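For reference, the chains in residue letters:
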Amino acid sequence: MNELNLDNVRITKELMRAEGVLAALAVEQLQYGNFEEEWKALSVEKRELALDGLYRGSCTCPRDNSRIICPELRIEVLIGDGEYNLINLLKQIVAHDPTGNMRVKEVFLYEHPFVAHEYRYSPDASDHLKAFVRRAFLWRTFCIVSTLVSIIRVYTNYPFEPYIPVISSARPRDDDRKARKEMSRDGIKRNNLKKTVDNSQCKERKAIAFHACGACLKKTDLEKLKRCGRCQIVLYCSNDCQKKDWPEHKKFCGKQDFDPRLAPAPDAPSEFIGCPPVADGYIRSPALWRQIWYLSNPTRSADIEFLVARRRAMATGDLSAIHQMRVLATWNQMAMGPNSEVTPDQIRRQFEKEYNVYKKATKEEKEEEREFYRRRLASEGRTL
């Protein structure tokens, strides 16, 4: 039971990171781009993109056979106008994490009435069954997330990156190993199976599966990792990783019962060196978190004056800093010409969403301002 719990924790950690990527891509495409309108306008190309995304998703998710319990991943559903189409699935992950800063606070599980009915169980079910059902929901969500990420990346011509699966790090006892072999032999005889079926459906998938550090999730060979001395299951690449992970790992180490409320802590949100603390009363918007994540990558470069203005705006939302930052960003992108990855219009929309400024006045706002103007004139005994 402890092995199953710890395996679910590891899958959850990996899934949360994958969901962070999906949320960032979805925010980028739906809020800063015109993906929804462009997707709806597609005809035959939409089916081809979805097919290619499904193929890549099967190659990049840890367990491609989980697609069998993903009714959302049928082609007609993804490209249709129903509740579980591509756009609505993307909007669900954005609603779960609107920041798009690559760090979801908790795992998100896609729900579907058919799956909920098929995997229902009574409150008196065993902890093993509950843990196995939890794992099934994790695997199925991983499959959906991988497919959605793949469709967006196919749409944006992003290069294909096969997933290297992490294999279980548990070491079964001799009696457990013997019992499992007997169960496997009985199943082969009972079902008249002729050979073992490889669950990988993709030639691109790497032939070897790696173990991973329980803290940083870095994948490497088993010989380079050390086991937790208590549970003998979780692996670490260094003593520093083990010490860092212990406050979290001790909640699950040796635990023999199932508790769905126990979940791994989220990764800390991205911050770049020099990012100031938020002033009292100032809340960072999802768009601002998105830029913080972008700037936290040390390979990014930007004009030094822009970064000075960026720091001021991050701390207090100072309007003069916002204006200076927008002018600098727009000028820099215009200077780069057609080779620039970001257009001035995208910069304008970024600031509109981030600070709710530079928007054209709405009809209601104009009428409200006219009424204020009439009242000011009336206070002086004048009329329009």
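Residues numbered from 1 in each chain as written. Predicted model: local features only at pLDDT ≥ 70, side-chain atom pairs only at ≥ 80, totals over all residues. Heavy atoms only, no water.

Labelled according to an unreviewed UniProt entry, the protein appears under the name MYND-type domain-containing protein, originating from Roridomyces roridus.

Looking now at the overall build of the protein. Counting its regular elements, the protein contains 14 helices and four strands. When each of the 384 residues of the protein is scored for burial, the buried share is 43%. (Helix = DSSP H or I, 4+ residues; strand = E, 2+ residues; numbered from the N terminus. Buried < 20%, exposed > 50% of the residue type's maximum accessible area, 1.4 Å probe, protein only.)

Put simply, helix H1 (residues 2-31) and helix H7 (residues 127-155) touch, their axes get as near as 9 Å, and they point 25° apart. Between H1 and H7, the crossing angle belongs to the class labelled roughly parallel. As H1 runs across H7, the sense of the crossing is left-handed. (Axes fitted to C-alpha atoms, helices over the stretch in contact; angles between N-to-C directions. Parallel < 35°, antiparallel > 145°, perpendicular 65-115°, else oblique. Left-handed = near helix turned anticlockwise from the far one by under 90°.)

Time to look at the pattern of salt bridges. Inspection of every chain in the model, using the stated rule, returns 13 salt bridges. Note that Arg 47 is salt-bridged to Glu 76, the shortest N-O span being 2.5 Å. Here Arg 47, found in helix H3 (residues 44-60), pairs with Glu 76, found in helix H4 (residues 75-78); they are 29 residues apart in sequence, far enough to count as distant. Overall, the relative accessible area of 33% leaves Arg 47 in the partly exposed class. For Arg 140, the salt bridge goes to Glu 72, with nearest N and O atoms at 2.7 Å. (Salt bridge = Lys/Arg side-chain N within 4 Å of Asp/Glu carboxyl O.)

Before going further, it helps to examine the nonpolar core. Leu 22, Tyr 110 and Leu 148 are the most contacted members of the largest nonpolar core, which has 45 residues in total. Contributions of two or more residues to this core are made by H1, helix H2 (35-41), H3, H4, helix H5 (86-96) and H7. It is H7 that contributes the most residues to this core, 13 residues altogether. Leaving out residues up to four positions away in the same chain, Leu 22 has contacts with Leu 90, Ile 93, Tyr 110, Val 145, Leu 148, Val 149 and Ile 152. (Core = buried A, V, L, I, M, F, W, Y, C linked by side-chain atoms within 4.5 Å. Contact = heavy atoms within 4.5 Å.)

A few words now on unusual backbone geometry. Positioned with a positive phi, Met 102 is a non-glycine residue whose angle comes to about 70°. When you line up the elements, Met 102 lands in the loop between H5 and helix H6 (113-118). Not every positive phi belongs to a glycine, and Gln 232 is a case in point at roughly 60°. Mapping Gln 232 onto the fold places it in the loop between strand E3 (226-227) and strand E4 (235-236). In this structure Gln 232 comes out as partly exposed when scored by relative accessible area, which is 32%.

With that settled, consider the environment of Ile 87. Within the fold, Ile 87 resides in helix H5. The exposure class assigned to Ile 87 is buried, which follows from its relative accessible area of 4%. Remark: the alpha-carbon pair of Ile 87 and Glu 36, spanning 51 residues in sequence, is separated by 6.6 Å. Setting aside its immediate chain neighbours within four residues, Ile 87 contacts Leu 30, Phe 35, Glu 36 and Trp 39.

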